[in-house]
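As a plain string of letters, each chain reads:
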Amino acid sequence: MNISLLGCGWLGLPLAKKLLEEGHSVKGSTTSMEKVSKLSEEGLIPYRIQLFAEGVQGDLSAFLEDSDLLIIDIPPGLRSDPEANFIGKIGRLKDFIEKSGVKKVLFVSATSVYEDTEEFPVYTEDDSLNGTAENSRQLKSAENELKNSEQYETTIVRFGGLFGPGRHPVTYLSGRKNIKDPKAPVNLIHLEDCIGIISKIIEKEAWGVTFNAVYPEHPTKEGYYSRIAAEKNLAIPEFDLEKVSKGKIIGSVTLEEVLGYSFQQGIY
């Protein structure tokens, strides 16, 4: 299969390498000129592409040309730029997709589309997207924008908190004080499973489907990160135990029903 992978970052690059191993031809994009040569060294056909609501830098048409599948793995970017217009970027991208002849789109979304509450609700793919934060609103709109097309089919994968080689949320929490929501359940997924799930979607041709993707074990934030910090010899995070915690549990029902997927990596 000819695949275009928009966003070769922490998840995208190892995913691209896995797809190459499976015999696919992969075009990969980066926003960094310095990373273009690295993509080429890994066997990808590299493109430097940057999306804006107002337009595109780079040859997006050539990037999409002759591709059977477009994988979109770019973050909304609202943490670094609260004014970022992610919906505008996706709308701009959609115009190019519809003109390109690409028939399959896989969009990497996040479980933040669901709201945290004091009741710790369990959300599955059948539940409505009720997140109210700006990041949630833009992701929901992006999902809907991509799904609302007669030119191609869109599969959505909503990953929980990502961790894996060189990346774990405890690193950011270590030594911090007054961390909120200590009793909230964690919703995490290992890089290996993110790649495995996307690979399985392609293998099973599961298009037009929405997946939640979170490891099915949900210890409390306080208990889990305190344990992991101790195991890694990091400063134990200190939590705000005075305020009521808000959180949620993400159920990955469709992973089993449609893909028959079994997780390869636990959270400990």
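Residues numbered from 1 in each chain as written. Predicted model: local features only at pLDDT ≥ 70, side-chain atom pairs only at ≥ 80, totals over all residues. Heavy atoms only, no water.

Q: Can you help me understand the sheet that holds strand S2 (residues 25-30) in this one?
A: Strand pairing in a sheet relies on backbone hydrogen bonds, with the paired strands running either antiparallel or parallel. Strand order in the open sheet formed by seven strands is S3-S2-S1-S6-S7-S9-S12, with parallel pairing between adjacent strands. Unpaired on one side and paired on the other, strand S3 (45-48) and strand S12 (210-213) mark the two borders of the sheet. For this sheet, the mean angle separating the axes of adjacent strands, direction not counted, is 20 degrees. As paired strands, strand S9 (residues 153-159) and S12 are joined by four bridges and run parallel to one another. Paired with Phe159 across the two strands is Ala213, which belongs to S12. (Pairing = 2+ DSSP bridges. Helix = DSSP H or I, 4+ residues; strand = E, 2+ residues; numbered from the N terminus. Axes fitted to C-alpha atoms, helices over the stretch in contact; angles between N-to-C directions.)

Q: How should I be thinking about the nonpolar core in this particular structure?
A: Of all hydrophobic cores here, the largest spans 34 residues; its most connected members are Ile71, Leu106, Phe159, Ile197 and Ile201. For this core, the elements supplying multiple residues, two or more each, are strand S1 (2-6), helix H1 (12-21), strand S6 (69-72), strand S7 (104-110), S9, helix H7 (191-204), S12 and helix H9 (253-259). In terms of residue count, the dominant contributor to this core is H7 (seven residues). Not counting chain neighbours up to four residues away, the residues in contact with Ile71 comprise Ile3, Ser4, Leu5, Leu6, Leu15, Leu19, Leu106, Ile198 and Ile202. Grouped together as the second largest cluster of nonpolar side chains are 28 residues, Val105, Phe107, Val113 and Tyr114 included. (Core = buried A, V, L, I, M, F, W, Y, C linked by side-chain atoms within 4.5 Å. Buried < 20%, exposed > 50% of the residue type's maximum accessible area, 1.4 Å probe, protein only. Contact = heavy atoms within 4.5 Å.)

Q: What is the right way to read the state of the cysteines from this model?
A: The term disulfide refers to a covalent linkage connecting the sulfur atoms of a pair of cysteines. Taken as a whole and judged by the stated rule, the model has zero disulfides. For the unlinked cysteine Cys8, the closest cysteine sulfur is that of Cys194, found at 15 Å. (Disulfide = S-S within 2.5 Å.)

Q: Help me understand the packing of H1 against H7 in this model?
A: A pair of packed helices can be characterised by two numbers: the angle between their axes and the separation between those axes. Relative to each other, H1 and H7 sit at 45 degrees, their axes nearing to 10 Å. Taken together, the axes of H1 and H7 are oblique relative to one another. Where H1 crosses over H7, the handedness of that crossing is right-handed. Contact residues: Pro14, Leu15, Lys18 and Leu19 in H1; Leu191, Ile195, Ile198 and Ile202 in H7. Looking at side-chain class alone, the contact of H1 with H7 contains seven nonpolar, no polar and one charged residues. (Parallel < 35°, antiparallel > 145°, perpendicular 65-115°, else oblique. Left-handed = near helix turned anticlockwise from the far one by under 90°. Nonpolar A, V, L, I, M, F, W, Y, C, P; charged D, E, K, R; others polar.)

Q: In this structure, what is going on with the packing of aromatic side chains? I would like to understand it.
A: We describe a pair of aromatic rings using the distance from one ring centre to the other and the angle between the two ring planes. Within the structure shown, the criterion is met by seven aromatic pairs. Seen from their ring centres, Tyr215 and Phe263 are 5.5 Å apart, and the 85 degrees between their planes marks the pair as edge-to-face. Pair noted here: Tyr215 is in the loop between S12 and helix H8 (221-231) and Phe263 is in the segment after H9, with a separation of 48 residues, a long-range link. Residue classification places Tyr215 among the buried positions, given a relative accessible area of 19%. By relative accessible area, Phe263 is classed as partly exposed at 22%. Taking the centre distance of 5.7 Å and the plane angle of 85 degrees together, the rings of Tyr261 and Phe263 count as edge-to-face. Judged by its relative accessible area of 9%, Tyr261 falls in the buried class. The rings of Tyr215, Tyr261 and Phe263 are connected pair by pair, giving a single aromatic cluster. For Arg167, the ring lying beneath its charged end belongs to Trp10, and the centroid distance is 4.7 Å. (Phe/Tyr/Trp six-rings, centres within 6.5 Å; stacked < 30°, edge-to-face > 60°. Lys NZ or Arg CZ within 6 Å of the ring centre and 35° of its normal.)

Q: Quick question: what am I supposed to make of unusual backbone geometry here?
A: Most peptide bonds are trans, and most residues other than glycine sit at a negative phi. The phi dihedral of Asp181 is positive, around 60 degrees, even though this residue is not glycine. Of note, the phi angle at Glu205 is positive, near 55 degrees, even though the residue is not glycine. As for its position among the elements, Glu205 is in the loop between H7 and S12.

Q: How should I be thinking about H1 in this particular structure?
A: Because the α-helix completes a turn every 3.6 residues, residues three or four places apart line up on one side. Buried within H1 we find Gly12, Leu13, Leu15, Ala16 and Leu19. On an axial view of H1, the arc spanned by its buried residues comes to 160 degrees, and they lie on one face. Those residues of H1 hidden inside the fold are in contact with S1, S2, helix H2 (33-41), S6 and H7. (Arc of directions from axis to C-beta.)

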